[in-house]
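Topology and contacts: notes
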Amino acid sequence: MARTQVVVVGGGPSGLLLSQLLHKHGIESVVLERHSREYVEARIRAGLLEWSTVALLEEAGVGTRLLHEGLVHDGFELAFDGRTHRIDLKGLAGHSMLVYGQTEIQRDLADARIAAGADIVWEAKDVRLHGFLGDGHPRVSWVGAGQPQELECDFIAGCDGYHGVSRASVPAAHITQHERVYPFGWLGILADVPPVSEELIYANHPRGFALCSMRSMSRSRYYVQCALEDKVEDWPDERFWEELRARLPAHYAARLSTGPSIEKGIAPLRSFVAEPMRFGRLFLVGDAAHIVPPTGAKGLNLAAADVRVLHRALDEYYRSGSETLLHAYSTRALARVWKATRFSWWFTMLMHKLSEEALAYQLQLAELEYLAQSRPASQVVAENYVGLEFAA
Ligand code: APR
Ligand code: PHB
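Quick caveat: nothing in here was measured; it's all calculated off a predicted structure.

Bringing helix α10 (residues 299-320) into the picture now. The end-to-end C-alpha distance of α10, which contains 22 residues, comes to 32 Å, matching closely the 32 Å that a straight helix rising 1.5 Å per residue would cover. Phi turns positive, to about 80°, at Gly321, one or two residues after α10.

Spelled out as structure tokens, the structure:
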């Protein structure tokens, strides 16, 4: 039977970044992605990178376009009660963030993998994991071009997201899954209009949360909190722009550029963590193991943090035979996951309309006012937003 060292299930950011870093260390992998490259790259996702994620992408050899085209952001604004407070990320936490769409990262990684002669199986259907528990002999089967295929391997990296097959292959008795679904969603719009501000604006408003982001200085990304039962067809562009204007401070509302949406969608918000993240020869990575509400812009950055820990562990194993870092993977990854999950939850509860109760809104305003008046309080926000320092 055909064999490889690491089978990577999932060709999203986690899977391609892991495969590329393994390649850089001379470790062979095969990526199995159930959709086409075009389909994966067409998905509109987040676009805010922690500096540690930028450094990892540079280590993977895909930093050139990122550093040339990415927008460096030294801060962002909180808008509330008709006013704004800037969180000075660079000044308070010593790091900036980089605005660069996940679509671009996906494209850069796929280009790099293909240029390196990578074995990526696009449209791999019916992927199944076998023999990964204990010291079994892991193998993965799938259907490719209508033909049954199978690969033996040393390890399986489950990089196949929240709805993937990897976590679902773990026996229920071996895994604990923590989940909280928030009672609202985000309606997101992409439009080729200049952003309303050079930095991101997170707005708490009695009508609901709004976020002003961007992909470039000519392409804006906006979100408004909406009801879970809302459908995209309930939100023609005009209604979206009117609602966004209503939730921004007057000086921003007055200068908002609007235009036709080139993408519009509604996403639910959830906090989800699976423990542990390792099951014998299977390692869960990124969204396969955890989901955070997008408020803290942590999803892609947490996935990159998992890849950082796992690729170093696999590198140590293949270089020296030591399994020390492999045994430490789950504990080290989860230490960061839980802190980011807490921050994302806290920021979500602070900025969204949670009920019609006046007290809930007053408590949010009190906390936002405190953040605006207290440098240490703003520093806590800044250091969590830019990403906590890694232990090693
Ligand atoms: N077989 C093969 N591939 C699969 C399967 C399967 N059974 N199930 C899912 N996949 C693929 C998906 O098509 C997707 O391309 O796995 C990939 C998982 O990618 P993501 O869901 O993007 O997860 P991840 O790579 O961990 O990246 C996390 O993506 O969703 C955003 O907000 C998230 O920014 C974060 C980032
Ligand atoms: C985005 O640009 O898509 C984005 C930015 C910041 C967030 C979430 C999403 O917190």
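After that view, the rundown keeps rolling.
Bringing the sheet that holds strand β19 (residues 282-284) into the picture now. Picture the strands of a sheet paired through backbone hydrogen bonds; they go either parallel or antiparallel. Here 6 strands make up an open sheet; going across it, the order is β8-β2-β1-β12-β19-β18 and the pairing mixed. Both edges of this open sheet fall to β8 (119-121) and β18 (278-279), since each of them pairs with a single strand only. Note: β18 against β19, 2 bridges, orientation antiparallel. Bridge assignment links Arg278 to a residue of β19, and that residue is Phe283.

The next subject is the side chain of Lys298. Relative to the elements of secondary structure, Lys298 occurs in the loop between β20 (290-291) and α10. Judged by relative accessible area, which is 2%, Lys298 ranks as buried. Those residues in contact with Lys298, other than ones at most four positions away along the chain, are Glu50, Val292, Ala340, Phe343, Ser344, Asn384, Tyr385, Val386 and Gly387.

In this model helix α1 (residues 13-24) runs 16 Å from its N-terminal to its C-terminal C-alpha over 12 residues, within 8% of the 16 Å that 1.5 Å per residue would give. Among the 12 residues in α1, 10 count as buried, and that is most of the element.

Where helix α12 (residues 358-373) meets helix α13 (residues 375-385), the axes come as close as 5 Å, and the angle between the chain directions of the two elements is 100°. Accordingly, the angle class assigned to the pair α12 and α13 is roughly perpendicular. For the pair formed by α12 and α13, the contact residues are Tyr370, Leu371 and Gln373 on the first element and Arg375, Ala377, Ser378 and Val381 on the second.

Around ligand 2 sit 14 residues, and of these Tyr202, Ser213, Arg215, Tyr223 and Pro294 come closest. Take Tyr202: an N or O atom from its side chain is 2.8 Å from an oxygen atom of ligand 2. Residue Ala297 places a main-chain N or O atom 3.4 Å away from an oxygen atom belonging to ligand 2. Isolated, ligand 2 exposes 280 Å² of accessible area, and the fraction of that covered by the protein chains is 99%. The leading source of residues in the shell around ligand 2 is strand β15 (residues 210-216), at 3 residues. Its residues placed into classes, the shell around ligand 2 shows 9 nonpolar, 3 polar and 2 charged. Residue-level mapping places the shell around ligand 2 at the junction of two domains, with at least three residues from each of domain 1 (6-71 + 97-179 + 270-348) and domain 2 (182-269 + 352-386).

So, how was this worked out
- Residues numbered from 1 in each chain as written.
- Chains lettered and ligands numbered in written order.
- Predicted model: local features only at pLDDT ≥ 70, side-chain atom pairs only at ≥ 80, totals over all residues.
- Heavy atoms only, no water.
- Helix = DSSP H or I, 4+ residues; strand = E, 2+ residues; numbered from the N terminus.
- Expected span 1.5 Å × (residues − 1).
- Pairing = 2+ DSSP bridges.
- Buried < 20%, exposed > 50% of the residue type's maximum accessible area, 1.4 Å probe, protein only.
- Contact = heavy atoms within 4.5 Å.
- Axes fitted to C-alpha atoms, helices over the stretch in contact; angles between N-to-C directions.
- Parallel < 35°, antiparallel > 145°, perpendicular 65-115°, else oblique.
- Near = heavy atom within 4 Å.
- Polar contact = N/O pair within 3.5 Å; in protein donor to acceptor, adjacent residues only side chain to side chain.
- Areas by Shrake-Rupley, 256 points an atom, 1.4 Å probe, with all protein chains shown as cover.
- Nonpolar A, V, L, I, M, F, W, Y, C, P; charged D, E, K, R; others polar.
- Domains from an automatic or database assignment.

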